[in-house]
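# Coordinate analysis (summary)
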Amino acid sequence: MVAEGEAIHVVFFPLMAHGHMIPLFDVARLFAARGVKATLITTPANAPVFTKSLANKIDLEVIPFPSEQVGLPAGVENFEYATGTDTLEKFLGALRLLESPVEGVLGRLEPRPRCIVSDLFLPWTADVAGRLGIPRLTFHGSGYFGMAVSDAMRKHRPFAGVEDEDEEFVVPGVPGEVRLTRRKTSPQLKAAEEKQSGIRELLKAAFEAERKSYGVIMNSFNELEPDYAHHYRNVMGIRAWSIGPVSLCNRSIGEKATRGKKAAIDEHECLRWLDSKPPNSVVYICFGSITNMSTPQLRQIALALESSRQNFIWVVRRPAEAEEEEEWLPKGFEDRTRGRGLVILGWAPQVMILDHAATGTFLTHCGWNSTLEGISTGVNMVTWPVFAEQFINERLITDVLRVGVSVGASQYFDRVVEVASVGREAVEEAVRRAMVGAEAEEMRGRAAELKEMAWKAVEEGGSSFEELSHLLQELRSFDAARADEYYLTSQC
Ligand code: UDP
C-alpha cells in the first residue's frame, strides 16, 4: 500500500521499434501527468526518441545494447535494422541479454518501483517482475480487434484446410464475419506448428508471459471496438485497461511535430503548405516506420498520385543503399505535381499532418498506431496493409468501422514490398473513392463521429480517463505480500 498523497513509481520498458516506443512513451507521459513518478528504460541509440522537451517529467535509464555480444554492428539497436533472418535472430538474442541489466536497474531505483509496464515482446520482464514481487503490465502495439482475431487465427488455424491462396475464409471464434485469405496470413503462422524460429519462440513466450502478468494496457478506447474489447476480457480472459488513444496527449504543434524522430521537413514549412490548401483536399500517404517499397511499387504510386489530380503529402522511406531519386520517381514528376504535391523523404510529423483540416484522407499500411491516429483525427482512410496484423486491422477500418476503402493489397510481405503488388489504377481508384463523392463524405461523417468519441474518452470523466484512474488506484493499493496469490488467480 502507498500512503495517501505519495507518488508511486512506475517503470516503462518499450521494445526498440518506433511503432512501440512512440505509444509507450505517450503512456508514460499520461501516467506522469497523473502524478506518477515515471522512469523509462532504453538503450543509447534509441534514447533520442524520448526527447527532453516531451519527457520533462520522465527519468531516462539508458542501458547498453549488447550488439557486439551477439555479432551485430555497433548502433544496430532498433527493430528497423533487424531485416533478414540472421540479423533478426541476433537482434532477438540481444533482447534476451537485457534481462539482467534491466533487473539491476529495477533493483536499485528509488523509490522502489511499484510496477513495470513492458512490451509484449519482452516476455522475460514478467519473470523479473515476479522475482521483485511487483506487477508487470503488458503493452501491445495493437488493439482489441487485432489481438482477438490474431488469437483466433493461432488457435483455430482456419487457413490450414484452404488450398487456394486467395480463397476467403471466415475467422472462427470471434464476433462478426472477419474474412481473410492465406495470402494475407503471415508465413510464420502458416508454417507447420513444429517448425521453430526465433520469432515463433518469442511469440510463444510473449503470450505465456502475458498470462503471468497483472494485465494489459491497451492503446484503444472501449467505444471504438466494444465487441472485441468484451471478447478479449471475457472470452480470452485477459484483464485489460483501455487508456487510449494515447497520441491525443500531444496537444501542441511542437508535441505533434517532434514525436519519434526529427522530421525531414521543417514543421512550419509543412504547416504553411497545408494552410494553403482547402479543407479535406490533401491525401497523406505513409507506410509507418519500418515498411519499405520497391522501386517499381514507388513508381506505381507516383503515377497514381499524378493522374489522381489530388493534393498529396507522400512520405517515402528508402533503404540507405537505394538509388537516386531519378531512378524511382517518373521523369518530370516533381515539375508536373509542383504546388499540389509534397514528397517527404524520411520522417514526417504524422500526427501534425493528420490533424490539419486540409488533410482529408490517409493512405495507410494499417499499423495500429497509424490506424488510431487516423481515427482520432477524423480522416477517412485508404487501406494498404503489408505485414504483422495489418491485414486484420484493415478489416476493422473497412468492414467494422466503415471509414476506409481498400486499395486491394492481397499479399503479405515481410516489411519490404518487393514488387509492384498494387498497380497505379487500383491506387488511383481507391484514392478517388476516398477523396471525392458521396461515399467519401459518408466515410468522413463516420470518421468525424469516431474522432469525437476518441476525444471524449480521454477527457476527464471519459472512459479511457477513468480506466487509467482505476488502474492507478489498483497499483497504489497493490499488496506485494499477496503477489503470489494474485498471480495465480489472474491466470486463465
Ligand atoms: N510515424 C511518424 N512519421 C513517419 C512515420 C511514422 O510520425 O514518417 C509514426 C506514426 O505516427 C506512428 C508510428 O510512427 O505513431 C508508426 O506506428 P504504426 O503502428 O503505425 O506502424 P509501424 O511503424 O509499427 O509499422
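Residues numbered from 1 in each chain as written. Predicted model: local features only at pLDDT ≥ 70, side-chain atom pairs only at ≥ 80, totals over all residues.

The protein is annotated in an unreviewed UniProt entry as UDP-glucose glucosyltransferase from Rheum palmatum. Looking at the protein in UniProt, the text filed under Sequence similarities (unreviewed entry) is "Belongs to the UDP-glycosyltransferase family." (UniProt positions renumbered as here; feature names shortened; annotations may be inferred.)

To continue, consider the nonpolar core. Soluble globular proteins tend to bury their nonpolar side chains together. Membership of the largest hydrophobic core comes to 141 residues, with the highest contact counts inside it found for Phe12 and Val27. It is helix 1 (residues 18-33) that contributes the most residues to this core, nine residues altogether. Among the domains, domain 1 (9-63 + 98-146 + 185-243 + 461-490) and domain 2 (257-454) are the pair contributing at least three residues each to this core. The residues touching phenylalanine 12, leaving out its near neighbours within four places in the chain, are Leu24, Val27, Ala28, Ala38, Leu40 and Val117. (Core = buried A, V, L, I, M, F, W, Y, C linked by C-beta atoms within 7 Å. Buried ≥ 20, exposed ≤ 12 C-beta atoms within 10 Å, placed from the backbone. Helix = DSSP H or I, 4+ residues; strand = E, 2+ residues; numbered from the N terminus. Domains from an automatic or database assignment. Contact = placed C-beta atoms within 7 Å.)

Moving on, we get to the site of the ligand. Taken together, 21 residues lie around the ligand, and Gly19, Gly288, Ser289, Gly367 and Ser370 are the ones closest in. Among the secondary structure elements, those contributing two or more residues to the shell around the ligand are helix 1, helix 15 (350-354) and helix 16 (368-377). When residues in the shell around the ligand are grouped by element, the largest group, four residues, is from helix 16. In the shell around the ligand, the residues fall into eight nonpolar, eleven polar and two charged. (Near = placed C-beta within 6 Å. Nonpolar A, V, L, I, M, F, W, Y, C, P; charged D, E, K, R; others polar.)

Read from one edge of the open sheet, six strands run 13-12-10-14-15-16, paired in parallel fashion. At either margin of the open sheet sits one strand with a lone partner, and together these are strand 13 (341-345) and strand 16 (404-406). Within this sheet the neighbouring strands show an average axis-to-axis angle of 15°, counted without direction. As paired strands, strand 10 (residues 282-286) and strand 14 (residues 359-364) are joined by five bridges and run parallel to one another. Among the inter-strand pairings, tyrosine 284 is bridged to a residue of strand 14, identified as phenylalanine 362. Helix 16 rests against strand 10, strand 14 and strand 15 (380-383) of the sheet, and its axis sits at about 165° to strand 14. (Pairing = 2+ DSSP bridges. Axes fitted to C-alpha atoms, helices over the stretch in contact; angles between N-to-C directions.)

All right, on to the packing of helix 4 (residues 99-108) against helix 5 (residues 125-132) then. It is at 10 Å that the axes of helix 4 and helix 5 come closest, and there the two elements cross at 35°. The way helix 4 lies across helix 5 gives a crossing that is right-handed. Here helix 4 contributes Glu99, Val102, Glu103, Leu106 and Gly107 to the contact with helix 5, which in turn contributes Thr125, Val128 and Leu132. (Left-handed = near helix turned anticlockwise from the far one by under 90°.)

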